[in-house]
Amino acid sequence: MIPLVLPAMSDAESPFVTRLRSGKGLTDDAWDSLMIEEDGGGVTYAGAGGILAIDGATAKALDGDVVLVQPRHGRMERILRAGSPHNTLLVTERCDQLCVMCSQPPKKTHVDRFAYLEQACLLAEPGLHIGISGGEPSLFKDKLLSMVERVLRQRPDLSFHILSNGQHFAEDDVLRMRDPLYRRVSWGVPLYAASAPLHDEIVGKVGAFDALQDGFATLLMAGARVELRTVLVSSNLAAMPNLSRFVASRLRFIEVWSIMQLEHIGFAKGRWRTLFVDHREHFGMVGRAIDWATMHGVRAQLFNFPRCTVPPAYRGIAIASISDWKRKYPNVCFGCSEQANCSGFFEWHPDEEARAMVEPL
Ligand code: SF4
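Calculation criteria
- Residues numbered from 1 in each chain as written.
- Predicted model: local features only at pLDDT ≥ 70, side-chain atom pairs only at ≥ 80, totals over all residues.
- Heavy atoms only, no water.
- Buried < 20%, exposed > 50% of the residue type's maximum accessible area, 1.4 Å probe, protein only.
- Helix = DSSP H or I, 4+ residues; strand = E, 2+ residues; numbered from the N terminus.
- Pairing = 2+ DSSP bridges.
- Domains from an automatic or database assignment.
- Contact = heavy atoms within 4.5 Å.
- Buried area = accessible area lost by both parts, 1.4 Å probe.
- Salt bridge = Lys/Arg side-chain N within 4 Å of Asp/Glu carboxyl O.
- Polar contact = N/O pair within 3.5 Å; in protein donor to acceptor, adjacent residues only side chain to side chain.
- Axes fitted to C-alpha atoms, helices over the stretch in contact; angles between N-to-C directions.
- Parallel < 35°, antiparallel > 145°, perpendicular 65-115°, else oblique.
- Nonpolar A, V, L, I, M, F, W, Y, C, P; charged D, E, K, R; others polar.
- Lys, Arg positive; Asp, Glu negative; His and termini not counted.
- Left-handed = near helix turned anticlockwise from the far one by under 90°.
- Core = buried A, V, L, I, M, F, W, Y, C linked by side-chain atoms within 4.5 Å.

Considerations on the pairing of strand β11 (residues 185-190)
Point 1. β11 sits mainly inside the fold: six of its six residues count as buried.
Point 2. Where burial is concerned, the two faces of β11 agree: the one with V185, W187 and V189 and the one with S186, G188 and P190 are both buried.
Point 3. Sheet topology places strand β10 (residues 159-163) next to β11; four bridges connect them, and they run parallel. Among the inter-strand pairings, L163 is bridged to a residue of β11, identified as G188.

Okay, here's the thing in structure tokens:
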């Protein structure tokens, strides 16, 4: 796994954002920290923020990274990794749902980092597509939208993908989100079933389904770009064809429907036996859902489904969905002709189980 947080010491008193440079490339005196020393233990930089000594990494690995340094905590966080298409900003750990399979169980507290994250985005490499997640980012909707708008105005080359439960949009957001800036924003919104009782049960919140329908109406009126997301769990497997009919008839405006396999972490780890659907044995309902959506003009894709584990007819839509820093492949995968296009497994997926599932193509 690629570490996103590293031990770091600095003489600065307050947190600061900086871009790490090992000597090559354009530099910005105000925001760049230049390497002054490297040894077997780590790298030392100097910049306007102060002296920064990072342990456990090389200058080559860090060159160009935009980081948030937290001197009092003795650490730095790689907010945007140079050369990686998988960068996600965590804007809050608070959430108003409690999904049965949540991969990152929410916290009650919120640490406001919007100003730092905004600065990091302004230092991003050209053309970067930046993810935003939580918790529930739209609990801080005004700060979130204001940050996104300021960044997009100053950086016409950047774009965002924001995960949100879609329940906090209001009618007065329509005008705001019709701004052409929002063509560079897409929303990843989860819907787990076409019926309120089942969706609400999965997300652990009464009224979530109804609030989400209002949210979809707002997003539709705003002309928003939406990626619909459905995590497969044992309780919604049989309901997938019905959900597909709902999507094809009521949510035709979405750009794509991502059907996602479970992540072996967070709440799902402890509930794995009751939640996990082995799609190798139970692909029928998923396949019917995909077929119906496709026939009605809704593009569907599979996330976190290793290619060799799905029927050949659906392999083309099983995409390499897992971010590079948390993706792994069992040894037998090396040599598989499909590896470049395959999701592989999350780093935290049990090795034995992963090995037993795969069959190189
Ligand atoms: S063998 Fe490995 S790389 Fe090939 S499709 Fe299966 S999981 Fe993916």
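Now, onward.
Quick look at the domain arrangement of the protein chain
Point 1. The domains assigned to the protein chain are domain 1 (5-77), domain 2 (87-303) and domain 3 (318-361).
Point 2. Spacing between the C-alpha centres of domain 2 and domain 3 amounts to 24 Å.
Point 3. Facing nine residues of domain 2, the contacting portion of domain 3 comprises ten residues.
Point 4. With both sides pooled, the region where domain 2 packs onto domain 3 buries about 960 Å², and carbon together with sulfur makes up 64% of that total.
Point 5. When the area that domain 2 buries against domain 3 is broken down by residue, the three leading residues are E263, H264 and R280, summing to 44%.
Point 6. At the boundary of domain 2 and domain 3, one finds zero salt bridges.
Point 7. Remark: the boundary between domain 2 and domain 3 carries three residue pairs in polar contact (both at pLDDT 80 or more).
Point 8. Among the elements that make up the side of domain 2 that touches domain 3, the one with the highest residue count is strand β14 (residues 300-303) (three residues).

Notes on unusual backbone geometry
Point 1. A cis amide bond, omega 20 degrees, links G134 with the succeeding residue G135.
Point 2. Looking at where G135 falls in the secondary structure, it is placed in the loop between β9 (129-133) and α3 (141-154).
Point 3. Of note, N304 is a non-glycine position whose phi angle comes to about 65 degrees, a positive value.
Point 4. Mapped onto the fold, N304 is located in the loop between β14 and β15 (327-328).
Point 5. For N304, a relative accessible area of 9% translates into the label buried.

Notes on the packing of helix α5 (residues 196-203) against helix α6 (residues 208-221)
Point 1. One can describe the packing of α5 onto α6 by two numbers: an axis separation of 8 Å at closest approach and a directional angle of 100 degrees. Judged by the angle between their axes, α5 and α6 are roughly perpendicular. Contacts from A196, H199, D200 and V203 in α5 reach A208, F209, D210 and L212 in α6.
Point 2. A per-class count over the contact of α5 with α6 returns five nonpolar, one polar and two charged.

Quick look at the side chain of K326
Point 1. With respect to the helices, strands and loops of the structure, K326 is situated in the loop between β14 and β15.
Point 2. For the buried K326, no salt bridge is present, and the opposite-charge side chain at shortest range is E263, 4.5 Å distant.
Point 3. Filtering out sequence-adjacent residues up to four positions away, K326 remains in contact with M1, F345, F346, E347 and W348.

As for the packing of helix α2 (residues 114-122) against α3
Point 1. One can describe the packing of α2 onto α3 by two numbers: an axis separation of 10 Å at closest approach and a directional angle of 20 degrees. As summarised for this structure, α2 and α3 are arranged roughly parallel, according to the angle between their axes. The handedness of the crossing between α2 and α3 comes out as right-handed. Listed contacts from α3 to F114, L117, E118, C121 and L122 of α2 are K143, L144, M147, R150, V151 and Q154.
Point 2. A per-class count over the contact of α2 with α3 returns seven nonpolar, one polar and three charged.

Let's talk about the nonpolar core
Point 1. Residues W187, W257 and L302 are the most contacted members of the largest nonpolar core, which totals 67 residues.
Point 2. A total of six residues in this core trace back to one element, the largest contributor, which is α3.
Point 3. In this view, W257 contacts L228, T230, M240, L243, S244, V247, A289, A293, V298, R299, A300 and Q301; residues no more than four positions away in its chain are not counted.
Point 4. The next biggest cluster of nonpolar side chains, apart from the first, holds 19 residues, and it includes C102, A268, W272 and L275.

Considerations on the sheet that holds strand β5 (residues 50-55)
Point 1. With mixed pairing, seven strands are arranged side by side around a closed barrel as β1-β5-β4-β3-β2-β6-β7. Mean inter-strand twist for the sheet, computed between neighbouring axes without regard to direction, equals 40 degrees.
Point 2. Note: strand β1 (residues 5-10) against β5, three bridges, orientation antiparallel. Paired with A8 across the bridge in β5 is I54.
Point 3. α2 rests against β2 (16-21), β6 (66-70) and β7 (75-80) of the sheet, and its axis sits at about 55 degrees to β7.

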